[in-house]
Amino acid sequence: MIIDHLNQTIQLKICYFGPALSGKTTTMKSLFNHFGKNDKVLSIESSVRRTLFFDYGTITFKNQQWLLKIHLYSTTGQDFYIVTRPITLQAIDGIIFVADSQQSVYYRNLTSWNELGNYFEDYLIKMPKILAFNKQDLPDTFDTSEFLENINYFKYKNFKFNKTIATEGVGVVESFEDLIGLIFKKIYKSQLISLME
């Protein structure tokens, strides 16, 4: 996070993370579409429209005093490009984990969550994060409460979860807003932006 008091600008970095084909890029594009910026998402894709490195875009908000600039990234889900993930995750302020809710890929979600834990270790406990159970419109979805128990969700702080359908925009904006709320709650607690009041 960068807080520039002179220019009254706050910059955040948020990342979408999750297993391959969980809907990270679709979620991010749906969010940008909601704000009328569907042409502002930059993607590095393969010939079969799979993310090779990351997706990237910026959304800005302004009130009478401050400009909030949010840089959004999504990591590649393909294990062939796993080396790019920790680079994309550097200096993030919050994360939206996009889980594929289909029963057939239940364990792929757990593996991806554990990978995220390996990158951040104990910091993941307090980092602002949203778990978005995507693809809720598909048949044979797994029990979200069982998944939450498997990741010991009760030990995490600054944590919320939602059910989403990225292809229809369901829950996408809510997940984004929830994460922004968690980030600013954490900032206020640390007294970093008390001058904004």
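Before reading on, note that the structure itself is shown above.
Reading guide: rules and limits
Residues numbered from 1 in each chain as written. Predicted model: local features only at pLDDT ≥ 70, side-chain atom pairs only at ≥ 80, totals over all residues. Heavy atoms only, no water. Core = buried A, V, L, I, M, F, W, Y, C linked by side-chain atoms within 4.5 Å. Buried < 20%, exposed > 50% of the residue type's maximum accessible area, 1.4 Å probe, protein only. Helix = DSSP H or I, 4+ residues; strand = E, 2+ residues; numbered from the N terminus. Contact = heavy atoms within 4.5 Å. Pairing = 2+ DSSP bridges. Right-handed = clockwise from strand over helix to strand, strands pointing away. Phe/Tyr/Trp six-rings, centres within 6.5 Å; stacked < 30°, edge-to-face > 60°. Lys NZ or Arg CZ within 6 Å of the ring centre and 35° of its normal.

Draft legend 1. Main features of the nonpolar core. The biggest cluster of nonpolar side chains holds 26 residues, and the ones touching the most others in it are Leu 12, Ile 14, Tyr 16, Leu 31, Ile 70, Leu 72 and Phe 176. Looking at this core, the elements that each hand over two or more residues are strand E2 (9-17), helix H1 (24-34), strand E5 (67-75), strand E6 (94-100), strand E7 (129-134) and helix H6 (172-189). When residues in this core are grouped by element, the largest group, eight residues, is from H6. Discounting chain neighbours no more than four positions away, the residues touching Leu 72 are Ile 14, Tyr 16, Met 28, Leu 31, Phe 32, Asp 55, Tyr 56, Gly 57, Ile 59 and Phe 176. Trp 113, Met 127, Ile 151 and Phe 159 belong to the second-largest nonpolar core, a separate cluster that totals 23 residues.

Draft legend 2. Up close: H1. The complete set of buried residues in H1 reads Lys 24, Thr 25, Thr 27, Met 28, Ser 30, Leu 31 and Phe 32. Following H1 by one or two positions, Gly 36 adopts a phi angle in the positive range, close to 70 degrees.

Draft legend 3. Local environment of the pairing of strand E8 (residues 159-163). One ladder, built from five bridges, connects E7 with E8; its direction is parallel. Residue pairing across strands places Lys 129 opposite Phe 159, the latter belonging to E8. Handedness of the β-α-β unit built from E7, helix H5 (residues 144-150) and E8 comes out right-handed.

Draft legend 4. Focus on the packing of aromatic side chains. By the definition in use, this model includes 19 aromatic pairs. For the pair Tyr 106 and Phe 142, a centre-to-centre distance of 4.9 Å together with 90 degrees between the ring planes defines the contact as edge-to-face. On the criterion of sequence distance, the pair formed by Tyr 106 in helix H3 (residues 106-120) and Phe 142 in the loop between E7 and H5 is long-range, its members being 36 residues apart. The exposure class assigned to Phe 142 is buried, which follows from its relative accessible area of 5%. One residue, Lys 13, lies across the ring of Tyr 73, its end atom 4.7 Å from the ring centre.

Draft legend 5. Spotlight on the pairing of E2. The buried fraction of E2 is high, at eight of nine residues. Two elements, E2 and E5, share eight bridges in a ladder whose sense is parallel. Within E5, the residue paired with Cys 15 across the bridge is Tyr 73. Pairing between E2 and E6: four bridges, direction parallel. Bridge pairing in E6 links Ile 14 to Gly 94.

Draft legend 6. How the structure looks around the environment of Ala 166. Mapped onto the elements, Ala 166 comes out in the loop between E8 and H6. When the C-alpha positions of Ala 166 and Phe 133 are compared, they lie 9.9 Å apart, and in sequence the two are 33 residues distant. When residues no more than four places from it in sequence are discounted, the contact partners of Ala 166 are Gly 23, Thr 26, Thr 27, Ser 30, Asn 134 and Val 172.

Draft legend 7. Main features of the environment of Leu 21. Within the secondary structure, Leu 21 sits in the loop between E2 and H1. Remark: the alpha-carbon pair of Leu 21 and Asp 100, spanning 79 residues in sequence, is separated by 7.5 Å.

Draft legend 8. Quick peek at unusual backbone geometry. Of note in this structure, Glu 121 is not a glycine but carries a positive phi near 50 degrees. Note that Glu 121 resides in the loop between H3 and helix H4 (123-126). In this structure Glu 121 comes out as exposed when scored by relative accessible area, which is 61%.

Note that every value here comes from positions in space, so none of it alone points to a role or purpose.
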